Amino acid sequence: MTHYTGPLLTRATGTALLDAVGRGDAIWRGSLDLGRSTGEAHLGPGHWQWRDQHYPYPGKLKERTLYWWDGEAFAPVSRFSGSLIKLVPTEWDVPTFEIDGIKMLPSAKESPLDDARRKVALVEPRGKRVLDTCGGLGYFAACCLEAGVAHMQSFEKNADVLWLRTINPWSPDPDAPVSGGRLALTHADVTDAIAGIADGSMDALLHDPPRFGIAGELYAQTFYDQLARVLRRGGRLFHYTGNPNRLTSGRDVPREVARRLERAGFKAELALDGVFATRR
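Residues numbered from 1 in each chain as written. Predicted model: local features only at pLDDT ≥ 70, side-chain atom pairs only at ≥ 80, totals over all residues. Heavy atoms only, no water.

Looking at an unreviewed UniProt entry, one finds the protein named Methyltransferase, with Dyella thiooxydans as its source organism.

Here it is as structure tokens:
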């Protein structure tokens, strides 16, 4: 899928653009790709120009919403196909996303990319073949590429999430030269696709599923058995679980996960906001 290269607006950047027009400035300088780069927008009386394209000035923009140019207007970066999926700006520039209002990536204390980087470091991806079970916005993949992964196989089930990746400038593009052919991104349900992965062919695993109540099959013993099958002995795994409230749920999901991984053939321990495990 081709990645979007037009401007992305938040309420803050839209306001700054309009303030510059109000002052009579001819040029506004800033970032229109969520901090990936900075540039100049040339301001005219009825339109503005960026990267040789002309755009109308935006209307009222909402907080916690990103806008892209859909060819006719600045529209929210969201889709509804049974669930509302939305790219959400953060103070760190790197966006998170929501499904039906549920935030899918941590962003309260640090950038979602920095959060991913700490987790990826646990599996030491340099020179390895890594399986990324639930690709999401691709931040695990971005960090693995940055760290020198040999090859990364990433699966994502939701077509709308894959579309968000084409809009998000922080999501890695498998076809970009910087990826060097090391990232394979497949639109598929990993619970089915994993059957096609050879025994012991992966050096490391990253498993970042939606919460248990949404995707219980990704926490099942049968799936963990498959993870153990495809990972070589000594291979590392990080499994994100979050920290669900035991007082309201009555469950200790991280410890349940650790026990199931142990039964599958891993040595497991709680780490960060999930479980770190090594294939025995």
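1. What to know about the sheet that holds strand 15 (residues 202–207)
The strand order across the open sheet built from seven strands is 14-13-12-15-16-18-17, with neighbouring strands paired in mixed fashion. At either margin of the open sheet sits one strand with a lone partner, and together these are strand 14 (183–187) and strand 17 (266–271). Taken over all neighbouring pairs, the strand axes of this sheet differ in orientation by 15 degrees on average, direction set aside. As defined by bridge partners, strand 13 (residues 151–156) adjoins strand 14 across five bridges and the pair is classed as parallel. Counted as the bridge partner of Ser154 is Leu185 from strand 14. (Pairing = 2+ DSSP bridges. Helix = DSSP H or I, 4+ residues; strand = E, 2+ residues; numbered from the N terminus. Axes fitted to C-alpha atoms, helices over the stretch in contact; angles between N-to-C directions.)

2. Quick word on the pairing of strand 9 (residues 84–88)
When you tally the buried positions in strand 9, you get four out of five residues, the bulk of the element. Bridge analysis of strand 8 (residues 78–80) against strand 9 gives three bridges, and the strand direction is antiparallel. The residue bridging Phe80 from the neighbouring strand is Leu84, located in strand 9. Counted along the chain from strand 8 to the antiparallel partner strand 9, the turn is three residues long, and its residue Gly82 has a positive phi close to 95 degrees. Note: strand 9 against strand 10 (residues 96–99), four bridges, orientation antiparallel. Bridging across to strand 10, Lys86 finds its partner in Glu98. (Buried < 20%, exposed > 50% of the residue type's maximum accessible area, 1.4 Å probe, protein only.)

3. Some details on helix 2 (residues 112–123)
Counted at 1.5 Å a residue, the expected span for helix 2 with its 12 residues is 16 Å, and the 18 Å between its end C-alpha atoms agrees. For helix 2, the complete set of buried residues consists of Pro112, Leu113, Asp115, Ala116, Lys119, Val120 and Val123. Angularly, the buried residues of helix 2 cover 155 degrees about the axis, an arc narrow enough to put them on a single face. Near the N-terminus of helix 2, the side chain that reaches the backbone nitrogen of Leu113, with its oxygen 3.0 Å away, is that of Ser111. Just downstream of helix 2, Glu124 is the residue with a positive phi angle, here 50 degrees. (Expected span 1.5 Å × (residues − 1). Arc of directions from axis to C-beta. Polar contact = N/O pair within 3.5 Å; in protein donor to acceptor, adjacent residues only side chain to side chain.)

4. Concerning the pattern of salt bridges
Oppositely charged side chains may form a pair once their charged atoms are brought near each other. Overall, the coordinates contain 20 salt bridges when judged by the stated rule. In this structure, the salt-bridge partner of Glu146 is Arg117, at a minimum N-O distance of 2.7 Å. Highlighted residues: Glu146 in helix 3 (residues 139–147) and Arg117 in helix 2, separated in sequence by 29 residues. Look at Arg117 and you get partly exposed, because its relative accessible area is 30%. Glu256 is the salt-bridge partner of Arg251, the closest N and O atoms lying 2.6 Å from each other. (Salt bridge = Lys/Arg side-chain N within 4 Å of Asp/Glu carboxyl O.)

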